[in-house]
Amino acid sequence: MIVAERKPMEAVASLVAPYERILVVGCGECVTVCMAGGEKEVEVMASALRLMRGKEGRPVTVETETVQRQCEPEYLVPLDKKAEAAEVILSMGCGVGVQFLAERFAQRWVVPALDTKFAGGVREAGVWEERCGLCGDCVLHLTGGICPVIRCSKSLLNGPCGGSHGGNCEIKRETRCAWQLIYDRLKGLGRLELLTPVLPPKDWSTARDGGPRQVVREDARL
Amino acid sequence: MAEGFEPKIVAFSCYYCAYAAADVAGSMRLEYPAAVRVVELPCSGKIDPVLLLRAFEEGADGVYVAGCLEGDCHFQRGNLRAKKRVARVKALLDEIGLGGDRLEMFNLSGSMGPRFAEIAREMTERVRRLGPSPIRERLSARGEAAGTNPGREGDLP
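Parameters and conventions
- Residues numbered from 1 in each chain as written.
- Chains lettered and ligands numbered in written order.
- Predicted model: local features only at pLDDT ≥ 70, side-chain atom pairs only at ≥ 80, totals over all residues.
- Heavy atoms only, no water.
- Pairing = 2+ DSSP bridges.
- Helix = DSSP H or I, 4+ residues; strand = E, 2+ residues; numbered from the N terminus.
- Axes fitted to C-alpha atoms, helices over the stretch in contact; angles between N-to-C directions.
- Core = buried A, V, L, I, M, F, W, Y, C linked by side-chain atoms within 4.5 Å.
- Buried < 20%, exposed > 50% of the residue type's maximum accessible area, 1.4 Å probe, protein only.
- Contact = heavy atoms within 4.5 Å.
- Buried area = accessible area lost by both parts, 1.4 Å probe.
- Salt bridge = Lys/Arg side-chain N within 4 Å of Asp/Glu carboxyl O.
- Polar contact = N/O pair within 3.5 Å; in protein donor to acceptor, adjacent residues only side chain to side chain.
- Nonpolar A, V, L, I, M, F, W, Y, C, P; charged D, E, K, R; others polar.
- Arc of directions from axis to C-beta.
- Phe/Tyr/Trp six-rings, centres within 6.5 Å; stacked < 30°, edge-to-face > 60°.
- Left-handed = near helix turned anticlockwise from the far one by under 90°.

A. Just the sheet that holds strand S1 (residues 2-6) of chain A, in detail. Residue and element names in this part refer to chain A. If you trace the three strands from one edge of the open sheet to the other, you get S1-S6-S7, paired in antiparallel fashion. The open sheet is flanked by S1 and strand S7 (127-132), the only strands paired with a single partner. In this sheet, neighbouring strand axes are inclined to one another by 70° on average, regardless of whether the strands run parallel or antiparallel. One ladder, built from five bridges, connects S1 with strand S6 (residues 114-124); its direction is antiparallel. Note that in S6 the partner of Ala 4 across the bridge is Thr 116.

B. Examining the sheet that holds strand S3 (residues 61-67) of chain A more closely. Residue and element names in this part refer to chain A. Pairing in this open sheet of four strands is parallel, and the strands run S3-S2-S4-S5 from one edge to the other. Of all the strands in the sheet, just S3 and strand S5 (109-112) have a single pairing partner and so form its edges. Here the strands of the sheet are splayed against their neighbours by 25° on average, with no regard to which way each runs. Two strands pair when backbone bridges link them, and strand S2 (residues 21-27) and strand S4 (residues 88-91) are joined in this way by four bridges, in the parallel orientation. The residue of S4 that forms the bridge with Val 24 is Leu 90.

C. Region of the structure containing the nonpolar core. Counting 51 residues, the largest nonpolar core has Leu49(A) and Leu90(A) as the members making the most contacts within it. Per-element accounting of this core gives the leading share, eight residues, to helix H3 (residues 39-56) of chain A. Those residues in contact with Leu49(A) that lie beyond four places of it in its chain are Met9(A), Val12(A), Ala13(A), Val16(A), Ile22(A), Val24(A), Val60(A), Val62(A) and Leu90(A). Counting residues in hydrophobic clusters, the runner-up holds 21 residues, among them Ala25(B), Phe106(B), Ala120(B) and Met123(B).

D. Local environment of the interface of chain B and chain A. Chain B puts 16 residues into the contact, and the matching count from chain A is 16 residues. Counting each side, the surface lost to burial between chain B and chain A is near 1500 Å², with a carbon and sulfur contribution of 61%. Looking only at chain B, the three residues that lose the most surface to chain A are Glu57(B), Glu95(B) and Ile96(B), adding up to 35% of its buried area. Counting every contact that joins chain B to chain A gives four salt bridges. The residue Asp48(B) makes a salt bridge to Lys40(A) at a minimum N-O spacing of 2.7 Å. The tally of links from chain B across to chain A stands at six residue pairs in polar contact (both at pLDDT 80 or more). In terms of residues, the side of chain B that touches chain A owes the most to one element, helix H2 (residues 49-57) of chain B, which gives six residues. Across the side of chain B that touches chain A, the residue classes break down as nine nonpolar, one polar and six charged.

E. The arrangement of the pairing of S5(A) in detail. As defined by bridge partners, S4(A) adjoins S5(A) across four bridges and the pair is classed as parallel. Paired with Ile89(A) across the bridge in S5(A) is Val110(A).

F. A look at helix H1 (residues 9-16) of chain A. Within H1(A) the residues assigned to the buried category are Met9(A), Val12(A), Ala13(A) and Val16(A). One side of H1(A) carries all its buried residues, which in axial view fall inside an arc of 100°.

G. View of the packing of aromatic side chains. Residue and element names in this part refer to chain B. According to the stated counting rule, one finds four aromatic pairs over all chains in the structure shown. Ring geometry for Tyr 16 versus Phe 75: centroids 5.7 Å apart, planes at 80°, classification edge-to-face. Residue Tyr 16 is found in the loop between strand S1 (9-14) and helix H1 (18-27), and its partner Phe 75 is found in the loop between strand S3 (62-67) and helix H3 (78-95); the two are separated by 59 residues along the sequence. Its relative accessible area of 35% is what places Tyr 16 among the partly exposed residues. Ring geometry for Tyr 32 versus Phe 116: centroids 5.2 Å apart, planes at 80°, classification edge-to-face.

H. Molecular detail of the packing of H3(A) against helix H5 (residues 134-141) of chain B. At a closest axis distance of 8 Å, the pairing of H3(A) and H5(B) adopts a crossing angle of 65°. Here H3(A) runs over H5(B); the crossing is left-handed. Between H3(A), through Leu51(A), Gly54(A), Lys55(A) and Glu56(A), and H5(B), the contact on the second element is made entirely by Pro134(B), Ile135(B) and Arg138(B). Looking at the contact of H3(A) with H5(B) residue by residue, the class counts come to three nonpolar, one polar and three charged.

I. How the structure looks around the pairing of S7(A). Residues and elements named next belong to chain A. Strand direction decides the pairing type here: S6 and S7, joined by five bridges, are antiparallel. In the sheet register, Val 122 faces S7, and the bridge partner there is Trp 128. Between S6 and S7, which follow one another and run antiparallel, lie two residues, and Gly 126 among them has a positive phi close to 85°.

J. Inspection of unusual backbone geometry at higher detail. The peptide bond linking Gly159(A) to Pro160(A) adopts the cis configuration, its omega dihedral lying at 0°. Locating Pro160(A) in the fold gives a position in the loop between helix H6 (148-151) and helix H7 (178-188). Here the phi dihedral of Met35(A) falls at roughly 55°; this positive angle occurs in a residue that is not glycine. Checked against the element boundaries, Met35(A) lands in the loop between helix H2 (30-33) and H3. Even without being a glycine, Gln76(B) presents a positive backbone phi close to 75°. With respect to the helices and strands, Gln76(B) occurs in the loop between S3 and H3. Judged by relative accessible area, Gln76(B) falls into the exposed class, the value being 67%.

Shown next as structure tokens:
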């Protein structure tokens with residue numbers, strides 16, 4: 001999932017400060033699961049904004065709506081009426097959601113309430129951790145299902161570096177060394193031969209530099 | 001502190017402890033401040049951050065959640081969950097400038113009637129020191145507080 005975190009309230013308040021009619025839009029997907037922008041968080045945000053503005057003596061009208069997915073235009077259609085009535089739309093979706101809202105509601109100012117952090121998963125209840133660097137050229141079949149691109153602090157493809165201490169990383173001491181994890185897993189599975197070939201420099205042309213990437217499925221197009 | 005300030009405090013109380021303790025306090029003829037309005041919850045773990053915030057939106061000067069003693073929750077961990085949620089909302093109240101001190105979590109058992117009354121006094125005194133919530137002051141200025149605005153549901157009586 002895409003993991004996000006609420007911006008400080010002061011920052012959010014400043015984004016909507018000039019407006020009196022705010023529409024807060026949540027998303028029912030990733031940000032619901034990472035407890036940053038689902039229905040509950042939307043109601044808390046709306047209440048917090050009303051309290052902040054009430055305290056300042058500048059009451060504000062806050063409408064709320066949580067859509068199934070902000071990143072798909074058809075799910076934004078039901079927002080049309082509320083968006084029309086609002087002066088500003090505060091998206092509690094990830095960065096993708098914010099942009100789809102801005103595209104749909106071209107005449108409305110759209111601002112983000114969240115900082116989008118990474119593609120990751122639930123490490124334990126209440127803890128989310130990054131797992132994928134979205135590089136566009138997966139190497140997990142060579143590394144025992146442990147991604148060196150994102151889990152090694154230096155994204156080394158032929159690690160570990162000299163900074164691996166007792167199985168931990170020299171950049172962040174509490175982080176496990178990805179290459180130690182890879183070695184241990186491959187050894188356990190009897191697949192250490194996978195580490196013999198030296199991997200060539202990574203082709204980063206599939207990664208995020210060079211503008212937005214697209215995936216096109218002709219069979220799915222209308 | 002505002003002149004003649006009578007705080008309004010909402011006490012979200014667990015059915016299995018604080019709510020029963022309030023009954024015990026009543027049976028014992030114990031006096032506690034009329035500032036406290038008790039709202040019954042099936043467990044303190046039922047409390048939701050938005051409920052706490054809504055109480056402030058409707059003009060409460062202080063809010064507290066009263067759950068079972070730690071280790072004694074009827075649903076095992078409801079009071080521990082409530083404790084964490086209250087801590088998070090306290091931080092949010094600090095962030096938005098209302099002040100986390102206006103919110104608190106207390107633990108007691110169903111037999112602790114005197115403690116219920118003591119908590120009510122303790123919280124009332126604290127809120128008196130903090131003064132009226134700026135939200136309540138604004139609502140009063142607009143004639144919206146204390147149920148004078150029929151358009152708002154759930155205003156504090």
